[in-house]
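Structural overview
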Amino acid sequence: MALTITCPICGKRSGYEFRFGGEDKGPPPQAAGLTPAAWCDYVHRNNCVAGVQKEWWCHRQGCGTWFSIYRDTTKNLEVAGPQSEDV
Amino acid sequence: MKRLAGLPTLRVNSARAVSIEYDGKRFHGVEGDTVATLLYANGTRIFSRSLKYHRPRGLYSLDGQSSNTYVDVDDIPNVCAENTFVGNGMRVEPQNVLGTPEHDWMAFMDKLSWAMPAGFYYTIFHKPARLWPIAVRHIRKTAGLGSLSPDVELRGRFDQIYPAADVCIIGAGPAGMSAALAAAAQKLRVILLESRPWLGGYFDYRTRNHKPGMPLYLRGRQLADQLEQAPNIRIFKHTAVIGCYSNNLITAFQRGSEADCFAERYVQIRAESVVVATGCIERPLLFENNDRPGIMQIGCAHRLARTWGVLAGEQAVFSIGHDLGIEAAIDLHDLGLSIACVADVREDGCDPALPPQLEARNIPFYPGWVAAKAHGRKVLKKVTLTNLSGVCKQQFDCDTLVASAGLTPVTGPLALAGARLEYDAHTGYFLPTGIPQKMHAAGRMLGLEDPTAIELSGRLAGLRAVADCGMAVGATISGVEEELAKLPGPARGSKFVVAPVEGKKTFVCFDEDVTIQNIDQAMRLGFDVTELIKRFTSAGTGPGQGGIAGHNLPLYVALTHRSPDLHPRPTTVRPPLVPTLLATYAGTNHPMSKRTPVHASQVAAGGVMERLQPWQRARRFCADTTARAEIENVRTNVGMLDASTLGKFRIFGPDALKALQRVYVSDMARVSTGRMYYSAMCNEDGCVIDDGVATQIAENDYYFTTSTGRAGETSEWIRYHTRYDRWDFHIINLTDAYGVINLAGPNARKVLEKVVDGAVSNEAFPFLGFREFMVHGAIPVRAMRLGFVGELSFELHVPSSYMQSLWDILEEAGEEFAIWNFGLEAQNTLRLEKGHVILGSESEQRTTLHDIGLGFFWHRDKLEAQTVGAVALKQTENDTSRLKLVGFKMEEPAARAPRDGSPIVAERIRGYVCTARYSYALKEPVGMALVEGYLAKNATRLTIFEDDCKGELMKAKVVPMPFYDPTGKRMRM
């Protein structure tokens, strides 16, 4: 795997050390009034961005931390995130 | 054949003889020979027969650019003879021949080539359809490369290494070596990869002067010596690059020599910066019968003599497009090869110093002439040369034709890394543009010809790589740039592609037998993009991976195409760049598993060990596969199970309870000190993934267990599902820190009370209780009363280092009761009789908590906890369309138990048997099954299918669970 990921605790490491945790879709929606379809969408629907997306990774073979990075899915490269969180 | 002796450039040791067996006969060579050079020196000219037409093929390059010299070595097919060193006693066989390469009974296929146009395989035999299987069988028999026997075993060790470097340099020619020295001088860690077995590149075999008194080969060896002495340069020779990925990840494989501990090894390098100095290969000359044995590239003929001491033949003709060809002709003439003439496809532009040297040796020089046709039925006998218009012709007798149209750069690594290749009209090369950051190209691949300029461009690239590593070398870089600007830049190269030919056998690709006629045919059919023409004709898809066809194909397409704005563009390159053994990718198979602290005791007690996830565990301790004696010992006496593989965790901190509430379905606020609490975890779909017990050790401090299979993932799981919350808790995986003994059976208490310092009576330590004891005043034990096997039992958790001691103490204490081990098989039957589930046996990925009848554990009123799976559990609560877990017995108690996993059928499949065993306690088989809802009612008949039942379905009926001790008296004793 050519991907490298920068763990906030351990620094830049080979992608083999990490486990993918999916796109960052935000915290789960509140259960009250949630339809099965809406819940299923939250759990299983992905945006599959061709470009830069924010996603979760776990430094499984290191410190065990979950953190999010920005990755360019077309080049499989970690990239700097947007300056402002609302981008 | 006599070898040239005493040449300073030789890479063979003539003093040591080696021999191989080829086609049943013994051949002798010298140490340092490759299979190809040894056979060539012994007069072999035809090495193989081609894929489709069974045309004779011979030595063409020396770097494995085509499958011409693929042979079978010690039963391994498709071994490239050109880069395989001879080992004593090697057994070599030709491949894809019926007979011998000289006399191949399939040679008539060449006459049938009219019946095999490009794509015939797809277009001819599909109608009528019944013809296809017959055609396929015959085509596969006649066409192809070597064949692999299914039971052949690859000898040797296949290894992998993963080094890291500051600067990785691909190619150890003059540019690569200079780059390595420049980077090493800055104290950086340098890795140098070279596909040939020695350093030097195209300096290595040439005697032309670099500077007065310094021939090129000496200069090459001088640089190589400096490299070998630098402690911070790691050199990988005989190492071919196969891949080049983002973030400068380079993959390669190295062939081991006799001194190495590996036959081949996979090398994966991560570098801060990469220099690609792969140089050039020769672009083949297209003319009629350009594949006849005896025709070879300039480098092949020159290196054969200079490196291996073998003259290519008696009488040679040269038809070349580069100064290297004229230089080779002069040198080979001086070494004793008779040269009939040298034709140069360039009408002008050659080094003016060279033609007079030809003249001085009486070698006729034909600028603007080219080989148009090779003659000879099997091997080359003579050649027709023509001027470029094809009007004048002249024939020359010869046994060797050195042919090449010009040079072409080796851009594979750069293209893989994302560079684009653009045709350059000055050099005639496909030059890389848009090279990714921290990657640099250097040397001859940029079109440079002057040896000093090549070295300097390597030094420049090396310095730029140094700058990538964050060192301040800007001033040095500018200095080198200025110096390089004063030296000759890229030279004008030959753009010649195809000779004026008339026949039908001008091969663009040797591997796949693709001629220019096939390309023309594809274009007539409307294919206009090189990529598509490549796929339709299969040109460049053979093992040589476009080494021969790669750049001639797009040039020929562009030349032939009528559209004026069509730019030649090479086809996409993909890894692996060179053929690699799958064994090299697979590496050494290390069967690794974890052992519990009492593994030795288990084995010594006769345990039949098996792999359970990462662990070695004892299946049973008796010869009987049903483990009857172990089961009965637990039911009536006392047994011991090594359960150390259970997942064990401590979670503590102010938010520990919140985290437990998040992942466990039940109300974890009820977990208290001194008691065990059973619960389960689900995923977001409500599917059950784990179950276990938890207790509170102190305030905000909990201890819990998971199943063996989830031990590795639980920390990650809890942290994942609390990742948005920023809660304050810590989780520690104690799985390997604690061993577990399950002491079970009616006599368990009598054994335990002999060794612990506290009361273990039913009142003092009731069912589901949790106590901490000291054993013999020294061993701290966490004891819990659980009932997985359905008898009075104590699960003892003890620090791993004490595990063996506790095991021995319990064995000794239990001796008077004849205490005995039990294994997984006994435990499985014991818990089945109790209707206790094992997740993974009684559930699969889609099974919810409701499906296995444990829905009552779900605490629906803790919405604020946002328990994982709660939403789905609520949504599927009343879903009747799902499989349900039921207990069953056979209608005939005398029948045997069905096999685990057997489908339950009624017109179609309605479920399956999860686990079924003969119960010695109940004297009949019992089992659990997942079935459709309508079959789940009590007393419903289940009909079970087994693979070999021949229509005789087994009949069972649904019964309530547990089967054994339904009120649970025995575990509460």
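Residues numbered from 1 in each chain as written. Chains lettered and ligands numbered in written order. Predicted model: local features only at pLDDT ≥ 70, side-chain atom pairs only at ≥ 80, totals over all residues. Heavy atoms only, no water.

Details of the sheet that holds strand β2 (residues 25-31) of chain B
Within a sheet, neighbouring strands are paired by backbone hydrogen bonds and run either parallel or antiparallel to one another. All names here are of chain B. To keep things clear, this is the line we draw: Two strands pair if DSSP finds at least two bridges between them. The helix count covers DSSP runs of H or I at least four residues long, the strand count covers runs of E at least two residues long, and both are numbered beginning at the N terminus. Lines are fitted to the C-alpha atoms to define the axes, a helix being fitted only along its stretch in contact, and any angle between axes, read from their N-to-C directions, falls within 0 to 180 degrees.
Within the open sheet, the five strands sit side by side as β2-β1-β7-β5-β6. Their pairing is mixed. Both edges of this open sheet fall to β2 and β6 (76-80), since each of them pairs with a single strand only. Going across the sheet, the axis of each strand differs from the next one's by a mean of 45°, ignoring polarity. With three bridges joining them, strand β5 (residues 70-73) and β6 adopt antiparallel strand pairing. Bridge pairing in β6 places Val 73 opposite Ile 76.

Quick look at the packing of aromatic side chains
Residues and elements named next belong to chain B. What counts, and what does not: Here the aromatic set is Phe, Tyr and Trp, taking the six-membered ring for Trp, and pairing holds for ring centres within 6.5 Å; pairs whose planes are under 30 degrees apart are stacked, those over 60 apart are edge-to-face, and all others are tilted. Whether a charge sits over a ring comes down to the Lys NZ or Arg CZ being within 6 Å of the ring centre and within 35 degrees of the ring normal.
The final tally for this structure, using the stated rule, is 24 aromatic pairs over all chains. We note Arg 57 situated over the ring of Phe 507; from NZ or CZ to the ring centre the distance is 4.9 Å. A cation over an aromatic ring shows up here: Arg 650 above the ring of Phe 652, its NZ or CZ 4.0 Å from the ring centre.

Examining the interface of chain B and chain A
Defined as follows: The criterion used for residue contact is that any of the two residues' heavy atoms lie within 4.5 Å. One speaks of a salt bridge when a side-chain nitrogen belonging to Lys or Arg is within 4 Å of a carboxyl oxygen belonging to Asp or Glu. Two N or O atoms form a polar contact when they lie within 3.5 Å of each other; inside protein one atom must be a possible hydrogen donor and the other a possible acceptor, and for residues adjacent in sequence the pair counts only when both atoms belong to side chains.
Tallying the contact residues gives 19 residues for chain B and 32 residues for chain A. In this structure, A:Arg19 and B:Glu713 form a salt bridge, with 3.9 Å as the shortest nitrogen-oxygen distance. Connecting chain B to chain A are 14 residue pairs in polar contact (both at pLDDT 80 or more). Breaking the side of chain B that touches chain A down by element, the ones donating at least two residues are β16 (264-276), α19 (714-720) and α23 (870-876) of chain B.

Examining the state of the cysteines
All names here are of chain B. Filter applied, for reference: Any pair of cysteine sulfurs within 2.5 Å is marked as a disulfide. Three labels apply to residues, based on accessible area from a 1.4 Å probe with only protein chains included: buried if under 20% of the type maximum, exposed if over 50%, partly exposed otherwise in between.
Tallied over the entire structure, the rule returns zero disulfides over all chains. Free of any disulfide, Cys 244 has its nearest neighbouring cysteine sulfur in Cys 168, separated by 8.0 Å. The exposure class of Cys 244 is buried, given its relative accessible area of 2%.

Comments concerning the pattern of salt bridges
Residues and elements named next belong to chain B. The tally for this structure, following the rule as stated, stands at 68 salt bridges over all chains. The shortest N-O distance in the salt bridge between Asp 204 and Arg 221 comes to 3.2 Å. Taken together, the residues span a long stretch of sequence, with Asp 204 in the loop between β10 (190-193) and β11 (209-211) and Arg 221 in helix α5 (residues 216-229) at a distance of 17 residues. With a relative accessible area of 21%, Arg 221 lands in the partly exposed category. Note that Glu 844 and Arg 846 form a salt bridge whose closest N and O atoms lie 3.0 Å from each other. The exposure class of Glu 844 is partly exposed, given its relative accessible area of 25%. With a relative accessible area of 60%, Arg 846 lands in the exposed category. Here the salt bridges share partners, and the residues they tie into one network are Arg 55, Arg 57, Asp 110, Asp 291, Lys 505 and Asp 513.

With respect to the pairing of strand β50 (residues 954-959) of chain B
Residues and elements named next belong to chain B. Relative to β50, strand β45 (residues 883-890) is paired through four bridges, and the arrangement is antiparallel. Paired with Gly 887 across the strands is Val 959, a residue of β50. Here strand β49 (residues 941-944) runs beside β50; their pairing, made up of four bridges, is antiparallel. In the sheet register, Ile 944 faces β50, and the bridge partner there is Met 954.

A short note on the domain arrangement of chain B
How big an interface is tends to be reported as the loss of accessible area on association of its parts. The line we're drawing: Note: domain ranges come from an automatic or database domain assignment.
Structurally, chain B comprises domain 1 (13-108), domain 2 (287-404), domain 3 (508-583), domain 4 (599-644 + 737-831), domain 5 (647-733) and domain 6 (880-973). Averaged C-alpha coordinates put domain 3 of chain B and domain 4 of chain B at centres separated by 69 Å.

Here we look at helix α12 (residues 516-524) of chain B
Residue and element names in this part refer to chain B. Among the residues of α12, those classed as buried are Ile 516, Asn 518, Ile 519, Gln 521, Ala 522 and Met 523. Packed against the buried residues of α12 are β30 (507-509), β31 (514-515), α13 (530-537) and α14 (552-560). In the segment just after α12, Gly 526 is the residue with positive phi, at about 110°.

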